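# Chains, contacts and geometry: an overview
Residues per chain are reported as follows:
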Amino acid sequence: MASPDRISQTLTHHKLRHTPVRRAVLQVLSSSPFALSGHEVEQQISSEVDRITLYRTLKTFEESGLIHRVIDTSDTVRYAACSIECSVQAHFDNHVHFKCTNCQHIYCLNQVAIPAVALPPGFEADTRDYLLAGVCRECKE
Ligand SMILES: [Zn+2]
Ligand SMILES: [Zn+2]
């Protein structure tokens, strides 16, 4: 559970105004142990927030580097909160994602870095996604 202080710090660090919607969205994402789709965020926000505002907030957060997209083999886009100091560039050298085939949750394995990949001459990557699938810790128990 992210503290109100941490929410404020994160918004301030990224030079974003502290609106109730932004606070609520960030609270939901940083309290979740796994990545959430826009729809799931919507369901978890207690106050009435219209969709357009919600999706605009997610976009702003993504562009500012507060959250990152988690790519799945399905077409669903999910988002996960980053650490306070995270930047867009930092995401490129980022962590591995893990999809549980049992509960369907996608986890950010922040402690597991994406291994270096040697590309053939002429290829230059802008983004990279590393997704492992299997059974998560919760489901294993
Ligand atoms: Zn699971
Ligand atoms: Zn992640």
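Note that the coordinates shown come from a computational prediction; the quantities given were computed from them, not determined experimentally.

Let us now look at the overall build of the chain. Within the chain one finds six helices and six strands. Scanning the chain from its N terminus toward the C terminus, one meets helices and strands in the order α-α-β-α-α-β-β-α-β-β-β-α. Taken over C-alpha atoms, the radius of gyration comes to 16 Å for the chain, in line with the 14 Å a tight globule of 141 residues would show. Considering only C-alpha atoms, the chain reaches an extent of 45 × 40 × 25 Å along its principal axes. Considering only intrachain contacts with a sequence separation of at least 6, the fraction spanning at least 24 residues in the chain is 55%. Accessible area for the chain stands at about 8,900 Å²; split by element, carbon and sulfur atoms hold 53% of it. Mean positive and mean negative side-chain charge positions of the chain (14 and 16 charges, respectively) differ by 3 Å.

What follows deals with the coordination of the zinc ion (ligand 2). Around the zinc ion (ligand 2), the protein contributes the donor atoms H68 (NE2), H95 (NE2), H97 (NE2) and C108 (SG), which lie 2.0 to 2.2 Å from the metal centre. Considering all four donor atoms around the zinc ion (ligand 2), angles at the metal cover 103 to 114 degrees and the coordination shape is tetrahedral. Each donor residue of the zinc ion (ligand 2) belongs to the same chain, with the gaps between them written as H-x26-H-x1-H-x10-C. On the criterion of sequence distance, the pair formed by H68 in strand β2 (residues 67-70) and C108 in strand β5 (residues 106-113) is long-range, its members being 40 residues apart. One exposure class covers both H68 and C108, and it is buried.

Moving on, we come to the packing of aromatic side chains. Scanning the model with the defined rule gives one aromatic pair in all. Between F34 and Y107 the ring centres are 6.1 Å apart and the planes differ by 80 degrees, which places this aromatic pair in the edge-to-face class. Here F34, found in the loop between α2 (20-31) and β1 (36-37), pairs with Y107, found in strand β5; they are 73 residues apart in sequence, far enough to count as distant. In terms of burial, F34 and Y107 fall into one category: buried.

Right, let's talk about the environment of Y107 for a bit. Looking at Y107, the relative accessible area reads 14%, which means it is buried. Sequence spacing of Y107 and A80 is 27 residues, and the spatial spacing of their C-alpha atoms is 8.6 Å.

Further remarks concern the coordination of the zinc ion (ligand 1). Each donor-metal-donor angle in an ideal tetrahedron of four donors is 109.5 degrees, and each such angle in an ideal octahedron of six donors is either 90 or 180 degrees. Here the zinc ion (ligand 1) is held by the protein donor atoms C100 (SG), C103 (SG), C136 (SG) and C139 (SG), which lie 2.3 Å from it. Around the zinc ion (ligand 1), the four donor atoms sit at angles spanning 102 to 118 degrees, and that spread fits a shape best called tetrahedral. Each donor residue of the zinc ion (ligand 1) belongs to the same chain, and together they define the spacing C-x2-C-x32-C-x2-C. With a gap of 36 residues between them, C100 in strand β4 (residues 95-100) and C136 in the loop between β6 (131-134) and α6 (137-140) connect regions that are remote in the sequence. Judged by relative accessible area, which is 4%, C136 ranks as buried.

Before going further, it helps to spend a moment on the sheet that holds β5. Read across the open sheet, the three strands follow the order β5-β4-β6; overall the sheet is mixed. Both edges of this open sheet fall to β5 and β6, since each of them pairs with a single strand only. Strand after strand, the sheet turns through a mean of 30 degrees between neighbouring axes, direction not considered. One ladder, built from four bridges, connects β4 with β6; its direction is parallel. Counterpart to H97 in the pairing with β6 is L131.

Definitions and limits used
Residues numbered from 1 in each chain as written. Chains lettered and ligands numbered in written order. Predicted model: local features only at pLDDT ≥ 70, side-chain atom pairs only at ≥ 80, totals over all residues. Heavy atoms only, no water. Helix = DSSP H or I, 4+ residues; strand = E, 2+ residues; numbered from the N terminus. Rg over C-alpha atoms; globule rule 2.2 N^0.38 Å. Contact = heavy atoms within 4.5 Å. Areas by Shrake-Rupley, 256 points an atom, 1.4 Å probe, with all protein chains shown as cover. Lys, Arg positive; Asp, Glu negative; His and termini not counted. Charge placed at Lys NZ, Arg CZ, Asp CG, Glu CD. Donors = N, O, S within 2.8 Å, 3.2 Å for Na, K, Ca; no water. Tetrahedral: all angles 85-135°; square planar, octahedral: opposite > 155°, others 65-115°. Buried < 20%, exposed > 50% of the residue type's maximum accessible area, 1.4 Å probe, protein only. Phe/Tyr/Trp six-rings, centres within 6.5 Å; stacked < 30°, edge-to-face > 60°. Pairing = 2+ DSSP bridges. Axes fitted to C-alpha atoms, helices over the stretch in contact; angles between N-to-C directions.

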